[in-house]
Amino acid sequence: MAEDIKSLDELKDVVADAGADAAASAPEAVVEPVITREQVRDELGRSYATGKRKDAVARVWIKPGSGKVTVNGKEMNVYFARPVLQMILRQPFQVAGVDGQFDVNATVKGGGLSGQAGAVKHGISKALQLYDPSLRAALKAAGFLTRDSRVVERKKFGKAKARKSFQFSKR
């Protein structure tokens, strides 16, 4: 600066002048478009999503109802007998705050019971956010919309399992 600033009033004047110059010469601000998500429902008022976990794939339809969950034509507590698996299926509804407001119809193939429960949970979460986009933030924060990519590692030749070796023999 060519001149020395000796008081706060002089500093205020310099800052005000610099701000006015910058505002006059600045280009217009670029406004990014806000993504608005729309509801996705079929002619019967249902939302559909596919959920995956390990080797299991679940096709899930949700519609407003009393909270009845049907998996492969059976009630949830019959198909998934373990309470832990039933809890996994209820998690998306509890996080979204819509417990008992939707009926679920799911068909699952592949994998074991644990993978199938995870696949149905993933499908329910995706279908809920398609039915009501305002629920997306809660489901995403809980991590329910992310496909869990962990799968079983394949067995390698010369090994007992994926990583376990045969017992080493020196002689």
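Remember, predicted model here, so these are calculated numbers, not experimental data.

This next bit is on the sheet that holds strand E5 (residues 102-109). Taking strand neighbours across the sheet as the criterion, the five strands line up as E1-E2-E5-E3-E4 in an open arrangement whose pairing is mixed. The open sheet terminates on both sides in strands that have one partner only, identified here as strand E1 (47-53) and strand E4 (74-75). As defined by bridge partners, strand E2 (residues 56-64) adjoins E5 across eight bridges and the pair is classed as antiparallel. Bridge pairing in E5 links Trp61 to Asn105. Those strands touched by helix H4 (residues 113-131) are E1, E2 and E5, and its axis lies near 145° from that of E1.

What follows is about the layout of surface pockets. Taken as a whole, the largest pocket holds about 220 Å³ of empty space. Lining the largest pocket we find 13 residues, and of these Arg53, Gly118, Lys121, His122 and Asp148 sit closest to its centre. Ranked by residues supplied to the lining of the largest pocket, first place goes to H4 with four residues. When its residues are assigned to classes, the lining of the largest pocket shows two nonpolar, five polar and six charged. As a volume, the second largest pocket reaches approximately 180 Å³. What lines the second largest pocket is simply Arg46, Trp61, Ile62, Lys63, Lys68, Thr70, Asp103, Val104 and Asn105. Contributions of two or more residues to the lining of the second largest pocket are made by E2 and E5. By residue class, the composition of the lining of the second largest pocket is three nonpolar, two polar and four charged.

With burial as the criterion, only one face of E1 is covered, namely that bearing Ser47, Ala49, Gly51 and Arg53; the residues Tyr48, Thr50 and Lys52 on the opposite face remain uncovered. By the bridge criterion, seven bridges tie E1 to E2 in an arrangement that is antiparallel. Looking at E2, one finds that Gly51 is bridged to Ala58. The hairpin turn running from E1 into E2, its antiparallel successor, is two residues long, and Lys54 in that turn takes a positive phi close to 55°.

A word on the side chain of Asp103. Here Asp103 is to be found in strand E5. Buried charge without a partner: Asp103 forms no salt bridge, and the closest opposite charge is Lys63, 5.3 Å away. If sequence neighbours within four positions are ignored, Asp103 has contacts with Trp61, Ile62, Lys63, Pro64, Gly65, Ser66, Gly67 and Lys68.

Okay, unusual backbone geometry next. We note that Lys54 has phi near 55°; this positive angle belongs to a residue other than glycine. Take Lys54: it is sitting in the loop between E1 and E2. The exposure class assigned to Lys54 is partly exposed, which follows from its relative accessible area of 40%.

A word on the pattern of salt bridges. Scanning all chains against the criterion turns up five salt bridges. As a salt-bridge pair, Arg150 and Asp148 come within 2.8 Å of each other at their nearest N and O atoms. According to the relative accessible area criterion, Asp148 is partly exposed, its value standing at 24%. It is possible to trace a salt-bridge network through shared partners that takes in Arg53, Asp148 and Arg150.

Thresholds applied
- Residues numbered from 1 in each chain as written.
- Predicted model: local features only at pLDDT ≥ 70, side-chain atom pairs only at ≥ 80, totals over all residues.
- Heavy atoms only, no water.
- Pairing = 2+ DSSP bridges.
- Helix = DSSP H or I, 4+ residues; strand = E, 2+ residues; numbered from the N terminus.
- Contact = heavy atoms within 4.5 Å.
- Axes fitted to C-alpha atoms, helices over the stretch in contact; angles between N-to-C directions.
- 1 Å grid on protein atoms, 1.4 Å probe; cavity = no way out; pocket = protein on both sides within 12 Å on 5 of 7 lines; lining within 4 Å.
- Points joined across faces, edges and corners; volume = space filled by probe spheres on them.
- Nonpolar A, V, L, I, M, F, W, Y, C, P; charged D, E, K, R; others polar.
- Buried < 20%, exposed > 50% of the residue type's maximum accessible area, 1.4 Å probe, protein only.
- Lys, Arg positive; Asp, Glu negative; His and termini not counted.
- Salt bridge = Lys/Arg side-chain N within 4 Å of Asp/Glu carboxyl O.

So, to be careful, I would describe these as geometric facts and stop short of saying anything about function.
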